[in-house]
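Close look at the chain arrangement
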Amino acid sequence: MKTKLIILALFVSMCSNQAQEKNEVKIISLSTTHTEIIQSLGAENTLIAVDAFSDVDFPVQRIDAYTVTAEEIAPLDADMVIVAFDFNGIIEGLEAQEINHILLPPARNLEDVYSQIQIIGELVDKKTVAETKIIDMKLEINRIISNSNYENITVYHEIGYSYGIYSINKESLIGEIYNTLGVSNIANSEEDPYGGGYPALTEEMIIESNPDYIIVGHTDYLNKDLSIREGWGSITAVENSNVFFLNDTLASNWGTTTVQLVEEISSIFEESIQTNPY
């Protein structure tokens, strides 16, 4: 990461020395999160291509971040390529093609979120806007947290089911959100052998943990009725209809919409508690 940040610093310095307007920098964003951040900072004019799943309302070339190669990107003559995942060996390819790039992987905590917004702000010459955005985000998230009191509540958060059951632990951003809200995450101490904060669980473990809430943050399901899963009908969350589905884009991004993510998760517990107090 330090190497990539040095590359970024040198690149920005180079642009400045050439008396080039930083807003004229040409960026390819292979990440929905960073496309969202760039737009939220008012720098969408810097984007010459975005990931195919990015939510944009202006004409721009779209690229499949899962399959694209550096050779295909090279003719676009971008000043910087933003990458969140090393799909298809894209990092090695970009290095071989000597294309400026920066790897900003999924945030593991709120500080990572703020740091990446700051990095993007510097890249697109929106440093002050980014700093103001971060301050506003911190104030709003702190407000939500200070008004939250969800002790003695357990949750199972699902990010994948059909091809293996995957959850989140304390090493992930959503895991940290649960911790700051005072909610007990049943997978908090489960290990992810890849170090990403997304452990694989067994159905037996989930059933035995008997969470009060189940929150699903993906669309990898055949049926939203979790009671049809064998043994799940007796889980407290299922019995009490405390099963909630997050917008998968909101749940998987870690940009400026993190405020909405914290608000959404908090409101799930708040509204349910008010309706069915313990």
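Here the structure is shown first, and the text comes after it.
Thresholds applied
- Residues numbered from 1 in each chain as written.
- Predicted model: local features only at pLDDT ≥ 70, side-chain atom pairs only at ≥ 80, totals over all residues.
- Heavy atoms only, no water.
- Helix = DSSP H or I, 4+ residues; strand = E, 2+ residues; numbered from the N terminus.
- Buried < 20%, exposed > 50% of the residue type's maximum accessible area, 1.4 Å probe, protein only.
- Areas by Shrake-Rupley, 256 points an atom, 1.4 Å probe, with all protein chains shown as cover.
- Core = buried A, V, L, I, M, F, W, Y, C linked by side-chain atoms within 4.5 Å.
- Contact = heavy atoms within 4.5 Å.
- Pairing = 2+ DSSP bridges.
- Right-handed = clockwise from strand over helix to strand, strands pointing away.
- Salt bridge = Lys/Arg side-chain N within 4 Å of Asp/Glu carboxyl O.
- Polar contact = N/O pair within 3.5 Å; in protein donor to acceptor, adjacent residues only side chain to side chain.
- 1 Å grid on protein atoms, 1.4 Å probe; cavity = no way out; pocket = protein on both sides within 12 Å on 5 of 7 lines; lining within 4 Å.
- Points joined across faces, edges and corners; volume = space filled by probe spheres on them.
- Nonpolar A, V, L, I, M, F, W, Y, C, P; charged D, E, K, R; others polar.

Within the protein one finds 11 helices and 11 strands. A total of 278 residues make up the protein; the buried ones form 46% of that total. As presented, the protein carries roughly 13800 Å² of accessible surface, and 48% of it is formed by carbon and sulfur atoms.

What follows is about the nonpolar core. Among the nonpolar cores identified, the biggest contains 51 residues, and Ile27, Ile82, Val113, Tyr178, Val183, Ile265 and Phe269 are the most heavily contacted of them. Apart from the residues within four sequence positions on either side, Tyr178 is in contact with Val155, His157, Ile168, Val183, Ile215, Ile265 and Phe269.

Counted residue by residue, strand E2 (residues 47-51) has 4 buried out of 5 residues, so it is predominantly covered. In this structure, strand E1 (residues 27-29) lies alongside E2, joined through 3 bridges in parallel fashion. Its bridge partner being in E2, Ser29 is matched across the sheet by Val50. Once you follow E1 into helix H2 (residues 32-40) and on to E2, the crossover reads as right-handed. Pairing between E2 and strand E3 (residues 61-63): 3 bridges, direction parallel.

Going through the model one piece at a time under the given rule, you end up with 5 salt bridges. With a closest N to O distance of 3.3 Å, Lys26 and Asp77 form a salt bridge. Of this pair, Lys26 sits in the loop between helix H1 (2-17) and E1 while Asp77 sits in the loop between helix H3 (70-73) and strand E4 (80-83), and the two are 51 residues apart along the sequence. Looking at Lys26, the relative accessible area reads 29%, which means it is partly exposed. For Arg108, the salt bridge goes to Glu171, with nearest N and O atoms at 3.4 Å. In this pair, Arg108 is assigned in the loop between strand E5 (101-103) and helix H5 (110-123) and Glu171 in the loop between strand E7 (165-166) and helix H7 (173-181), connecting sequence segments 63 residues apart. Salt bridges sharing partners connect three or more residues here, namely Glu140, Arg143 and Glu263.

Mapped onto the secondary structure, Asn109 falls in the loop between E5 and H5. Residue Asn109 is classed as partly exposed on the basis of its relative accessible area of 24%. As for Asn109 and Lys170, which are separated by 61 residues in sequence, their C-alpha atoms are 9.0 Å apart. For Asn109, the residues in contact, after removing those within four places along its chain, are Leu173 and Glu176. Here the side chain of Asn109 touches Asp112 through a polar contact of 2.9 Å, landing on its backbone nitrogen.

In this section: empty space enclosed by the protein. Across all of its chains, the model carries 1 cavity of 30 Å³ or more by this definition. In this model, the largest cavity occupies a volume close to 40 Å³. Looking at the largest cavity, the residues that line it are Leu30, Ala65, Val83, Ala84, Phe85, Phe87 and Ile90. Class assignment of the residues belonging to the lining of the largest cavity gives a composition of 7 nonpolar, no polar and no charged.

Residues Tyr213 and Ile215 point to one face of strand E10 (residues 213-216) and Ile214 and Val216 to the other, with burial holding for every one of them. Summarising the sheet, E10 and strand E11 (residues 243-245) pair through 3 bridges and their orientation is parallel. Directly across from Ile214, in E11, lies its bridge partner Val243.

What follows deals with the layout of surface pockets. Approximately 1100 Å³ is the volume found for the largest pocket. As for the largest pocket, its lining consists of 40 residues, and the residues nearest its centre are Tyr66, Phe85, Asp248, Ser252 and Trp254. Put simply, the parts of the chain that give the lining of the largest pocket at least two residues each are H2, H7 and helix H10 (248-252). Per element, the largest residue contribution to the lining of the largest pocket is 4 residues, and it comes from H10. By residue class, the composition of the lining of the largest pocket is 20 nonpolar, 15 polar and 5 charged.

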